[in-house]
Amino acid sequence: MNRTKRRSWLVTGTVIASVAVLLAYPFDTTVVPEWKIRIVDATSKPVPNVTVREQWRNHSVEFHGHNEDRTTDSDGYVSFPRRTVRASLIFRGIGWAVAHLNVHGESGPKASALVLGDYLTSSDPDYSPEKPSPEVIVVRPQQ
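Within each chain, residue numbers correspond to sequence positions counted from 1 in written order. Side-chain atom pairs in this predicted model are given and counted only at pLDDT of 80 or more, local residue features only at pLDDT of at least 70, and totals for whole chains, interfaces and linings cover all residues. To obtain the side-chain values, all non-hydrogen atoms of the structure were included, while hydrogens and water were left out.

Draft legend 1. Quick look at the sheet that holds strand β5 (residues 77-80). When DSSP locates at least two bridges between a pair of strands, those strands are taken to pair. Numbering of helices and strands starts at the N terminus; helices are DSSP runs of H or I of at least 4 residues and strands are runs of E of at least 2. Read from one edge of the open sheet, four strands run β5-β2-β10-β8, paired in mixed fashion. At either margin of the open sheet sits one strand with a lone partner, and together these are β5 and β8 (119-121). Within this sheet the neighbouring strands show an average axis-to-axis angle of 35°, counted without direction. Summarising the sheet, strand β2 (residues 35-40) and strand β10 (residues 136-141) pair through three bridges and their orientation is parallel. Its bridge partner being in β10, Arg38 is matched across the sheet by Val136. Axis angles are defined between N-to-C directions and span 0 to 180 degrees, where every axis is a line fitted to C-alpha atoms and, for a helix, only to the segment in contact.

This is the structure:
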């Protein structure tokens, strides 16, 4: 094999290997940004010491969702950290295709904050990238 062909094969092999590594390397993407929420009643009075559950999942990449419970402070505030998912471009492409082929399935990142206990939520507790995350959730006692 002459020198030019050998060099051509080396360049081609290097490019193919680089693309394969890029497609297979997992990287982080934010599912839900850091989220600080205030839980209040119908009179805008803070609801302290109530459990709030954050549920999150990127439906295009993950097969199962996640959740974490935290308790509001004395002013009704609860904070959740930024949530991420780690996946390669190959896996993201496959996940996107599967999510879009499933007519009843969801796609992309979604999250919600659920106030647990004897409360009904009277405001939207859901997050998606298309809209701002709720900063206040209004609840009322369950009767």
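Draft legend 2. Structural view of helix α2 (residues 89-101). Here a helix's expected span is defined as the number of its residues, less one, multiplied by 1.5 Å. Under the 1.5 Å per step criterion, the end-to-end length of α2 is 18 Å for 13 residues, consistent within 8% with the ideal 18 Å. Among the residues of α2, those classed as buried are Arg92, Gly95 and Ala99. Looking straight down α2, one finds its buried side chains confined to an arc of 65°; they lie on one side. In α2, those exposed residues whose orientation departs by more than 90 degrees from the buried face are Val98 and Leu101. Turning to α2, the residues buried within the fold contact β1 (27-32) and β6 (83-87). Each residue is placed in one exposure class: buried if its accessible area under a 1.4 Å probe, protein chains only, is under 20% of its type's maximum, exposed if it is over 50%, and partly exposed if it falls in between. The arc in question is formed by the directions pointing from the helix axis toward the C-beta atoms. Throughout, a residue-residue contact means that at least one pair of heavy atoms, one from each residue, lies within 4.5 Å.

Draft legend 3. Inspection of the pattern of salt bridges at higher detail. A pair is scored as a salt bridge if a Lys or Arg side-chain nitrogen falls within 4 Å of a carboxyl oxygen belonging to Asp or Glu. The final tally for this structure, using the stated rule, is six salt bridges. Here Glu68 makes a salt bridge to Arg70, at a shortest N to O gap of 2.9 Å. For Glu68, a relative accessible area of 23% translates into the label partly exposed. On the accessibility criterion, Arg70 (31% relative accessible area) is partly exposed. Through salt bridges with shared partners, a single network forms among Glu54, Glu68, Arg70 and Arg83.

Draft legend 4. Highlighting the packing of aromatic side chains. Note on ring pairs: Phe, Tyr and Trp rings are taken, using the six-membered ring of Trp, and paired if centres are within 6.5 Å. Classes follow the plane angle, with under 30 degrees stacked, over 60 edge-to-face and the rest tilted. In the structure shown here, the tally under the stated rule is one aromatic pair. Note on geometry: a ring has a charge over it if NZ (lysine) or CZ (arginine) is within 6 Å of the ring centre and within 35 degrees of the ring normal. When the ring centre of Tyr77 is taken as origin, the NZ or CZ atom of Lys36, which lies over that ring, is 4.7 Å away. Here Arg83 stacks its cationic end above the ring of Trp56, 4.0 Å away from the centre of that ring.

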